[in-house]
Every structure is written in C-alpha cells, then in structure tokens.
Amino acid sequence: MKITRKAVLIGDSGSPSNFLAGVEVDIRNYRDYLKSPIGGSWKDNEVALLLGKTGAEVRSYISGLTED
C-alpha cells in the first residue's frame, strides 16, 4: 500500500484596509520548512498554499483531496 500525504497551508492577509503582510510570509516559511530535510522533505506537489481563499473555496479544495 502506497501512502500519500498532503499539507494544506491556509492563510488570509485580510482586506486592503486591514492588511497583514506577515501572514503570507509565515505561510511560505511553513512551506519551506516542510520541504526542508528537518521538516520532512515534502515535495512541491504535497504542499498546497491557499492564500486569500474564501471559506467555500477552502472547503471545496479539502473535500476534493484523495490523499491519506
């Protein structure tokens, strides 16, 4: 049995009037950590970044996952 994995990193920087620039930086740092040897050497296709997506878009993405 082949086990697959998927990391889904979700972030929202807010609206233009309430923008938090650090959110995108943090999410990308998490991704870089996961892809590093100490973080598990995850492959590009195993890590999904969902930045600025609506709740419906996030739910739709997650419901479409078939990984273990």
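Placed above this text is the structure.
None of the values given here were measured: they were computed from a predicted structure. (Residues numbered from 1 in each chain as written. Predicted model: local features only at pLDDT ≥ 70, side-chain atom pairs only at ≥ 80, totals over all residues. Heavy atoms only, no water.)

### Some points on the environment of Gly40
Within the secondary structure, Gly40 is located in the loop between helix 1 (22-35) and strand 2 (47-51). If we ignore the near neighbours within four places in the chain, the residues touching Gly40 are Arg5 and Leu34. (Helix = DSSP H or I, 4+ residues; strand = E, 2+ residues; numbered from the N terminus. Contact = heavy atoms within 4.5 Å.)

### What about the pairing of strand 2?
Judged from the five bridges that link them, strand 1 (residues 7-11) and strand 2 form a sheet pairing that is parallel. From the neighbouring strand, Ile10 faces strand 2, where its bridge partner is Leu50. In the classification by handedness, the crossover that spans strand 1, the intervening helix 1 and the parallel strand 2 is right-handed. (Pairing = 2+ DSSP bridges. Right-handed = clockwise from strand over helix to strand, strands pointing away.)

### Overview of the pattern of salt bridges
If you walk through the whole model with that rule in mind, you get four salt bridges. Residues Arg31 and Asp32 are paired through a salt bridge, measuring 3.3 Å at the closest nitrogen-oxygen approach. With a closest N to O distance of 2.4 Å, Lys35 and Asp44 form a salt bridge. Residue classification places Lys35 among the partly exposed residues on the basis of a relative accessible area of 33%. (Salt bridge = Lys/Arg side-chain N within 4 Å of Asp/Glu carboxyl O. Buried < 20%, exposed > 50% of the residue type's maximum accessible area, 1.4 Å probe, protein only.)

### Description of the side chain of Glu46
Mapped onto the secondary structure, Glu46 falls in the loop between helix 1 and strand 2. By relative accessible area, Glu46 is classed as buried at 15%. In this structure Glu46 touches Arg5, Lys6 and Ala7, once residues within four positions along its chain are discounted.

### Structural notes on the environment of Leu51
By the element assignment, Leu51 lies in strand 2. Separated by 19 residues in the primary sequence, Leu51 and Asp32 have C-alpha atoms spaced 15 Å apart. Contact partners of Leu51, with chain neighbours within four places excluded, come to Gly11, Glu24, Ile27 and Arg28.

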